[in-house]
Structures are given as structure tokens and as C-alpha cells.
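Fold and contact review
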Amino acid sequence: MTTSLPTPKVPSKRREVRPTDQPPEGALTPDAKPILSFTAKRRGKAPAHIADLSQAERRALVKDAGFPAFRADQLSRHYFEHFTADPALMSDIPASMHEAIRSTFMPDLVNEVVAQRADGGLTIKHLWELYDGARVESVLMRYTERTTLCISSQAGCGMACPFCATGQMGLTRNLSTAEIIDQVRMAQRACEDGLLEGGPTRLSNIVFMGMGEPMANYRAVVNALHRLIDPSPEGFGMSARNVTVSTVGLVPAIDKLAAEGLPVTLAVSLHAPDDDLRDDLIPINSRWKVGELLDAARRYFVATGRRVSIEYALIKDMNDQPYRAQLLADELNKRGKGWVHVNPIPLNPTPGSIWTASTRRTQDEFVAILRNNGISTTIRDTRGSDIDGACGQLATAVQEGGRKGSSSDAPAVKPQLAASQQQGTNTQENR
Ligand code: SF4
């Protein structure tokens, strides 16, 4: 339903907050500045795993290790159909192969450090430790009509968004394909075992909106998309339309992804329609401007037929002015109709921080302007706020399950847990 509101044509005179008005989240010194980085601090490679490989490559690996090639198909079925990597549970696999499974084919990649439950047991957030001690998060969320997992693609992140503590940690390293995929297998297992409130269910949706910028770990992420989508036993056989890859705006990688022939949903974490604000809010905007990013998003729609999601966290007095809503609508409409869906994300109120929630009236006004300009718009609901209330990865809020008219899932909670634990501080609940 649209609401008639006057649409200001000129910037309002009200106070505006800038991203530079306080140090970046998690900064250790008051004069810290966001520093973009594409270079990982660690160079080590995760142990190889069959989830890194195509089915043909798995057969070759198993054969090279001295076992018949058909064992690769059996192992793939255990992993991708039964979600198990424990040889003790594989009754059709001889004991002579168990050691090779543990050491060569399916080494432990992702080990639980802590699991937090929220939203009455409908949300479970995991902190995982990887082989080298690096830590990442995933968040599993059950809705009326689907169950969504938000996964990490990097340990840390080099994109340096000032609202995100992970960004200030810098990029520790890229995850391997299997480290990404093992987060999914663990969630599949948790769903099947009934760990979410409501009993056993199937994992239906994946969103790459956890720690890291997926497009900055392109090859591993595209391989992971294949493992998600390819039919079993090659992969999990999930629907491509239920997989969402988010980006803060690595334009060449968006074009590359569009050419992969994988019709996954693209979510663009825009958060500002003008370069003046976005340059400070999303540092990668210094490389690729709003116009270039929206052009690439439009090309993605044309190439894949998948409507693009625009994520827009509404930040009080920073990006929530009516003139910015109008500018956003104009920028989207000038590139065509019906190709995009906007998801304004209400932040959790954070007293004393510049990263705080817009008022309800401002939010309604912003949404009304978009809708009055013909832009399909759905306010997202956040999940996990009772786990990590101060968390502010603006790219990560979750829409209410079962709501009609929305185009994608988005995750919930920022990697604050991993960030704070890596920094040796306590993670607080209900902050
Ligand atoms: S918001 Fe996302 S892209 Fe930006 S620094 Fe945090 S994890 Fe990286």
C-alpha cells in the first residue's frame, strides 16, 4: 500500500551525521581510519577436502589414493545427501578407508567454539574455529516458509566499512570452498537433527552475508555456489534462486558472476545513493562509484533474469533523508522498471552511537517515497537482536519469514561475536 507524502525536491535543512563523526566500530585508537585491503594477513591454505572438488576430481583423488573410484560417489553421498563426514557412520565404507577419510578426503575443517540461540530457538548463531585458529560465524534462521543460513566467505574482511568491527580487523584470509561448504553441511545436519525450535526441517536458503566480502574471494565462492546448486551427489542440489550473494560493490566481479550462468540472487549493499556519502560509508566506493555499481547490478539482472536486491540500512540522520529516498528512486528508475527490489533495514537503536536507528516516521516516509516512485520495497525485520544487540553489520538484517513481496533473504547478525572474541573481549548478550 502506498502513502501519499510530499516529496522534497531539495536537500532538507535538518542536521546530517557523517560516517566520519566517530571512529570506525572496533577501532583501537580515536584517530583510526578505515583502510581498504585486498591482501590477506595469512597465507596458509586449508587442508584439501572433497567439497573443494568436482565429482570427476573426487574420483581421481580417491583413485590416486589407491581406492576404487566408486568410493568417491559413496563419500559424496554421505557428505551431500546425509550431511555426514564421520566415517564411523558410513556403513558401506570399509574400515581400511577410515583413516584416509579423516586425513585426506574429509578432514575436520570447521569446529564449533560456541553456539548461541535467539528468537525463541528459531535462530542459532555459531562461532566456528578453522584449522589455523581463524574464527568465522554462521547464523541459521527458521521462518514460516523457509530456513535460511547466513555464511562467511572470509575470515575478517578487507573492505573496512566503518560501521563494522569485522572491517576494522582487516582480512585474515580467504576461506576455501570446503570451509564455506562445511558451514552449510553443519547447518543441514542441525536442521535434520531438529536443533531449531519447531523440530526437524530442511535448509532451503543460503545468503553470503556473514563475515567477508564474497566477491573478494571470487573463485572459492563460485566453486561453493556449484557445490550448493549442483545436483547430488555432486552438490547439495539447492535451488539457485534460493541462494543470495551480497557485495558492497566489486563491479568487475559482478560482471564475472553474471557470466557464470548461475542464476543466484545478487544483493547490493548500497546504503547511500550518492557518492558524497557512500565514499565515507563504504570505502570501496572510492574504487567503483554508485553509478558504476548500479549499472553493473542492472547488467546482472539482464544477464540472469534475477531481480537484484538493494540493501539499504536506514541510519538516523545519515542516509535516511527524503531527498536521498528520491535520489535512490531516480537512480533505480533511470535504469529501468521492475529490475530491482529495495530492502530498507532498520538498525537496532544504539544510544550514543552514530550507527543508530531512524525514527519510525522517517522510515515510513523513506519507504513511501520509494513506493510512490514505483520501486518495489520491503522493510526487513532483524533476527538475532537478542544475541548480539549492538551488532551492526549493516548488510545483515533478515526479512521477516513468509512476508510477501520481498525478493531475497538477507542475514541477520554481524560478525561481532567473532570479532570480539578474536580481540579477547567478552561478547555480551542483550547489549
Ligand atoms: S560490512 Fe561486510 S563488506 Fe563491510 S567490512 Fe563488514 S564484513 Fe566486510
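Residues numbered from 1 in each chain as written. Predicted model: local features only at pLDDT ≥ 70, side-chain atom pairs only at ≥ 80, totals over all residues.

- The protein goes by Probable dual-specificity RNA methyltransferase RlmN in an unreviewed UniProt entry, where it is assigned to Schaalia canis.
- For the record of the protein, the UniProt heading Sequence similarities (unreviewed entry) holds the text "Belongs to the radical SAM superfamily. RlmN family."
- What UniProt records for the protein under Subcellular location (unreviewed entry) is the sentence "Cytoplasm". (UniProt positions renumbered as here; feature names shortened; annotations may be inferred.)

Digging into the overall build of the protein
- For the protein, the count of helices and strands is twelve helices and twelve strands.
- Put simply, of all contacts in the protein between residues at least 6 apart along the chain, 70% involve residues at least 24 apart. (Helix = DSSP H or I, 4+ residues; strand = E, 2+ residues; numbered from the N terminus. Contact = placed C-beta atoms within 7 Å.)

Overview of unusual backbone geometry
- In the segment running from Ser 232 into Pro 233, the intervening peptide bond is cis, with an omega of 10 degrees.
- Among the structural elements, Pro 233 can be located in the loop between α6 (218-229) and β8 (243-247).
- With a phi angle near 60 degrees, Ala 160 is a residue other than glycine that sits in the positive phi range.
- Position of Ala 160 among the secondary structure elements: in the loop between β5 (154-156) and α4 (165-169).
- Since 22 C-beta atoms lie within 10 Å of it, Ala 160 is described here as buried. (Buried ≥ 20, exposed ≤ 12 C-beta atoms within 10 Å, placed from the backbone.)

A look at the confidence of the model for the protein
- Within the protein, residue pLDDT values average 87, and 86% of them lie at 70 or more.
- Per-residue pLDDT stays below 50 along residues 386-431; that stretch engages in 143 contacts with residues further than four places along the chain or on separate chains. (pLDDT = per-residue confidence, 0-100.)

Let's talk about the packing of helix α1 (residues 55-64) against helix α2 (residues 70-80)
- Interaxial distance between α1 and α2 falls to 8 Å at its minimum, and their mutual angle equals 120 degrees. Taken together, the axis directions place α1 and α2 in an arrangement best described as oblique. With respect to the hand of their crossing, α1 and α2 are arranged in right-handed fashion. Where α1 approaches α2, its residues Gln 55, Arg 58, Arg 59 and Val 62 are matched on the opposing element by Arg 71, Ala 72 and Ser 76.
- Residue classes in the contact of α1 with α2 are distributed as two nonpolar, two polar and three charged. (Axes fitted to C-alpha atoms, helices over the stretch in contact; angles between N-to-C directions. Parallel < 35°, antiparallel > 145°, perpendicular 65-115°, else oblique. Left-handed = near helix turned anticlockwise from the far one by under 90°. Nonpolar A, V, L, I, M, F, W, Y, C, P; charged D, E, K, R; others polar.)

Some points on the nonpolar core
- With 111 residues, the main nonpolar core has Leu 228, Ile 254, Ala 297 and Leu 370 as its most contacted residues.
- Counting residues per element, this core draws most heavily on helix α5 (residues 177-192), at eight residues.
- Viewed by domain, this core spans two of them, domain 1 (50-105) and domain 2 (109-387), each represented by three or more residues.
- In this structure Ile 254 touches Met 215, Thr 247, Leu 266, Ala 296, Ala 297 and Tyr 300, once residues within four positions along its chain are discounted. (Core = buried A, V, L, I, M, F, W, Y, C linked by C-beta atoms within 7 Å. Domains from an automatic or database assignment.)

Observations concerning the UniProt feature "binding site: [4Fe-4S] cluster" (unreviewed entry) in the protein
- The UniProt record annotates "binding site: [4Fe-4S] cluster" (unreviewed entry) at Cys 157, Cys 161 and Cys 164.
- Mapping Cys 161 onto the fold places it in the loop between β5 and α4.
- Judged by C-beta crowding, with 27 C-beta atoms within 10 Å, Cys 161 ranks as buried.
- If near-sequence neighbours (up to four positions away) are discounted, Cys 161 is found in contact with Gly 167, Val 248, Ile 282 and Pro 283.
- Note that Cys 164 resides in the loop between β5 and α4.
- You can call Cys 164 buried: it has 28 C-beta atoms within 10 Å.

Section: the pairing of strand β2 (residues 123-129)
- Burial of β2 is extensive: six of the seven residues sit out of reach of the surface.
- Sheet topology places strand β1 (residues 111-118) next to β2; seven bridges connect them, and they run antiparallel. Across the sheet, residue Ala 115 finds its bridge partner in β2, namely His 126.
- In this antiparallel pair of consecutive strands, β1 and β2, the connection spans four residues, and Asp 119 shows a positive phi of 50 degrees.
- Bridging between β2 and strand β3 (residues 135-142) involves seven bridges; their strand directions are antiparallel. Residue pairing in the sheet places Ile 124 in a bridge with Leu 140 of β3. (Pairing = 2+ DSSP bridges.)

Looking at the sheet that holds strand β7 (residues 205-208)
- Strand order in the open sheet formed by ten strands is β1-β2-β3-β4-β7-β8-β9-β10-β11-β12, with mixed pairing between adjacent strands. The strands lining the two open edges of the sheet, one partner per strand, are β1 and β12 (376-377).
- With respect to the sheet, α5 is in contact with β2, β3, β4 (147-150) and β7, its orientation differing from that of β3 by roughly 35 degrees.
- Its contacts with the sheet place α6 against β7 and β8, and it is angled at close to 165 degrees to β8.

Observations concerning the site of the ligand
- The local shell around the ligand holds 13 residues, among which Cys 157, Met 159, Cys 161, Cys 164 and Gly 167 are the closest.
- Looking at the shell around the ligand, its residues break down into eight nonpolar, four polar and one charged. (Near = placed C-beta within 6 Å.)

Side note on the environment of Val 222
- Mapped onto the secondary structure, Val 222 falls in helix α6.
- Separated by 38 residues in sequence, Val 222 and Glu 260 place their C-alpha atoms 8.4 Å apart.

What about helix α10 (residues 322-333)?
- When the terminal C-alpha atoms of α10 are compared, their 16 Å separation across twelve residues agrees well with the 16 Å that a helix rising 1.5 Å per residue should span.
- Within α10 the residues assigned to the buried category are Pro 322, Arg 324, Ala 325, Gln 326, Leu 328, Ala 329 and Leu 332.
- In the core, the buried residues of α10 are packed alongside β11 (340-346) and α11 (360-372). (Expected span 1.5 Å × (residues − 1).)

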